[in-house]
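# Overview (structure and organization)
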Amino acid sequence: MKYTTRILDDSKESVAFAAGLLNQGEVVAIPTETVYGLAANALDADAVAKIFIAKGRPSDNPLIVHIASMDMLDGLVREIPPLALKCADAFWPGPLTMIMPKADVIPAVTSGGLDTVGVRMPSHMTARTIIEKCGLPLAAPSANISGSPSPTTAKHVLDDMDGRIPCIIDGGFSAVGIESTVIAFENDGIRLLRPGFISVEDLKTVTDNVLIDEGVLNMLDNDAVVASPGMKYKHYSPDAEVILIDSDTDAFRDYVSHHADSDTWFMTFSDGDLEGLDVNFISYGTTDSEQAHLLFDVLRRIDNMGAKTVFARCPKKTGVALAVYNRILRSAGFRVIKL
Ligand code: AMP
Ligand code: MG
């Protein structure tokens, strides 16, 4: 244990303390509207290297750089595509990351060795105040051990990062609950690299030309050339084995009644779906946004209850639910049973 990890509230004093640590090249976990981030000075290679060590993150998986103003963006990229400006107008501050050609100030460790950088302007007030207070763009991936479910509370962060970082700022339960939408620009259009709360339908209000990258919903070969390195890795997985069940409510109920045992848990949309069955179950919400908000918390809770196997009801594949589907598909290692 390198550090005694402190959880601090989001008061002015705590924010000033966190900003001080960031200015000294330390790593601090901060709340954002998507999930908790593990933040460090994006321009300081040594500080960013500490993020990779704390998470156990593969070094070729680039980090998203968080800013608080458009002025901050200018120094970080070589060029801002006109479509990026339109997207910034429509969705920033908010849960959208845009990939752009990186300026030399961004060290290779931050961009995973790529010539591009992903930038996001969060809407969470505490995140914004911390960025403003330290005056630095912050590299901040999700504050979990690489591969495990992303953290949506300060307690989740502590469970993964205790002893690995000096400080966590507690901003309550993350409102969105899943990571940002990641997009790149090409041929006057948008390529979706990771779905999030800003949906394909939202992006289409800016341009009709939105392409969903193949890696969003398909398992890629180990040696595939990917548009976004994060697509290659196992992600969001609890210790329990997760299997998706793509079915209607009746077929799901029937499947559950034939596969229940004490080590098995079922993730359903609402309690009513499995009413009357004597099985271990946990609901993760009926609406797209509820599912996004609860998914990672539920995956962590299931582990804490000692589940060995989890059969999860499959979300929709449109709107915000596409992002929920993308995450849960990866936690399940792409195993889906279609009924
Ligand atoms: P996380 O930090 O855990 O939210 O993951 C960040 C995601 O953004 C990963 O899937 C990365 O592969 C992706 N990403 C970040 N920067 C870039 C970039 N320059 N090009 C493509 N994908 C990126
Ligand atoms: Mg992550």
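Treat the numbers as computed from the prediction; the structure is a model and nothing was measured. (Residues numbered from 1 in each chain as written. Chains lettered and ligands numbered in written order. Predicted model: local features only at pLDDT ≥ 70, side-chain atom pairs only at ≥ 80, totals over all residues. Heavy atoms only, no water.)

Attention now goes to the overall build of the chain. Of the regular secondary structure elements, the chain holds ten helices and 16 strands. For 339 residues, the compact-globule estimate of 2.2 N^0.38 gives 20 Å, and the C-alpha radius of gyration of the chain, at 20 Å, lies within 12% of that figure. In terms of principal-axis extent, the alpha carbons of the chain reach across some 60 × 50 × 35 Å. Scored against the burial criterion, the 339 residues of the chain give a buried share of 58%. Once local pairs closer than 6 in sequence are excluded, the contacts in the chain between residues at least 24 apart make up 67%. Within the structure as shown, the chain displays about 13900 Å² of accessible surface, and the carbon and sulfur contribution to it stands at 50%. (Helix = DSSP H or I, 4+ residues; strand = E, 2+ residues; numbered from the N terminus. Rg over C-alpha atoms; globule rule 2.2 N^0.38 Å. Buried < 20%, exposed > 50% of the residue type's maximum accessible area, 1.4 Å probe, protein only. Contact = heavy atoms within 4.5 Å. Areas by Shrake-Rupley, 256 points an atom, 1.4 Å probe, with all protein chains shown as cover.)

A few words now on the side chain of Ser148. Mapped onto the secondary structure, Ser148 falls in the loop between strand 7 (138–139) and helix 6 (154–161). Ignoring sequence-local partners within four residues, the contact set of Ser148 consists of Asp160, Tyr236, Ser237 and Arg300.

On to the site of ligand 1. The immediate surroundings of ligand 1 are formed by 17 residues, with Thr116, Pro141, Arg194, Ser228 and Gly230 found nearest. Separating an oxygen atom of ligand 1 from a backbone N or O atom of Pro229 is a distance of 3.5 Å. The protein chains hide 94% of the 500 Å² of surface that ligand 1 would expose on its own. A per-element tally of the shell around ligand 1 places strand 6 (residues 116–120) first, with three residues. Residues that form the shell around ligand 1 fall into these classes: nine nonpolar, six polar and two charged. (Near = heavy atom within 4 Å. Polar contact = N/O pair within 3.5 Å; in protein donor to acceptor, adjacent residues only side chain to side chain. Nonpolar A, V, L, I, M, F, W, Y, C, P; charged D, E, K, R; others polar.)

Looking now at the packing of aromatic side chains. Scanning the model with the defined rule gives four aromatic pairs in all. Between the aromatic rings of Tyr236 and Phe296, the centroid separation amounts to 5.5 Å while the plane-to-plane angle is 35°, which identifies the pairing as tilted. Note that Tyr236 is positioned in the loop between strand 11 (210–212) and strand 12 (241–246) and Phe296 in helix 9 (residues 288–304), a separation of 60 residues in sequence. For the residue pair Tyr236 and Phe296, the accessibility class agrees, reading buried in each case. Ring geometry for Tyr255 versus Phe311: centroids 5.3 Å apart, planes at 70°, classification edge-to-face. With Tyr255 in helix 8 (residues 249–259) and Phe311 in strand 15 (residues 309–313), this pair connects stretches of sequence that are 56 residues apart. (Phe/Tyr/Trp six-rings, centres within 6.5 Å; stacked < 30°, edge-to-face > 60°.)

Time to look at the side chain of Ser247. Its place among the elements puts Ser247 in the loop between strand 12 and helix 8. If sequence neighbours within four positions are ignored, Ser247 has contacts with Phe252, Arg313 and Leu339.

With mixed pairing, the eleven strands of this open sheet are ordered in space as 1-8-2-3-7-4-6-5-9-10-11. Taken across any chain shown, the strands that pair with only one partner, and hence form the sheet edges, are strand 1 (6–8) and strand 11. Here strand 2 (residues 28–30) pairs with strand 8 (residues 167–169) via two bridges, running parallel. Opposite Val28, over in strand 8, you have Cys167 as the bridge partner. (Pairing = 2+ DSSP bridges.)

Attention shifts here to the packing of helix 9 against helix 10 (residues 321–331). Where helix 9 meets helix 10, the closest approach of the two axes is 8 Å, and the angle between their N-to-C directions is 20°. By the angle class used here, helix 9 and helix 10 are roughly parallel. Regarding helix 9 and helix 10, the two cross each other, and that crossing is left-handed. Contacts from Asp288, Gln291, Ala292, Leu295, Phe296 and Leu299 of helix 9 reach helix 10 at Ala321, Val324, Arg327, Ile328 and Ser331. (Axes fitted to C-alpha atoms, helices over the stretch in contact; angles between N-to-C directions. Parallel < 35°, antiparallel > 145°, perpendicular 65-115°, else oblique. Left-handed = near helix turned anticlockwise from the far one by under 90°.)

Attention now moves to the sheet that holds strand 14 (residues 280–283). Strands sit in the order 14-13-15-12-16 across an open sheet of five strands; the sheet is parallel. A strand with exactly one partner marks an edge of an open sheet, and here the two such strands are strand 14 and strand 16 (336–338). Direction aside, the axes of adjacent strands within the sheet are offset by 25° on average.

Most of strand 9 (residues 181–186) is tucked away: five of the six residues are buried. As judged from the three bridges shared by strand 5 (residues 96–101) and strand 9, these two strands associate in the parallel manner. By the bridge assignment for strand 9, Leu96 is matched with Thr181. By the bridge criterion, five bridges tie strand 9 to strand 10 (residues 189–194) in an arrangement that is antiparallel.

Turning our attention to the state of the cysteines. In this structure the tally under the stated criterion is zero disulfides. Of all cysteine sulfurs, the one in Cys134 lies closest to Cys167, which takes part in no disulfide; the gap is 12 Å. Owing to a relative accessible area of 0%, Cys167 belongs among the buried residues under this scheme. (Disulfide = S-S within 2.5 Å.)

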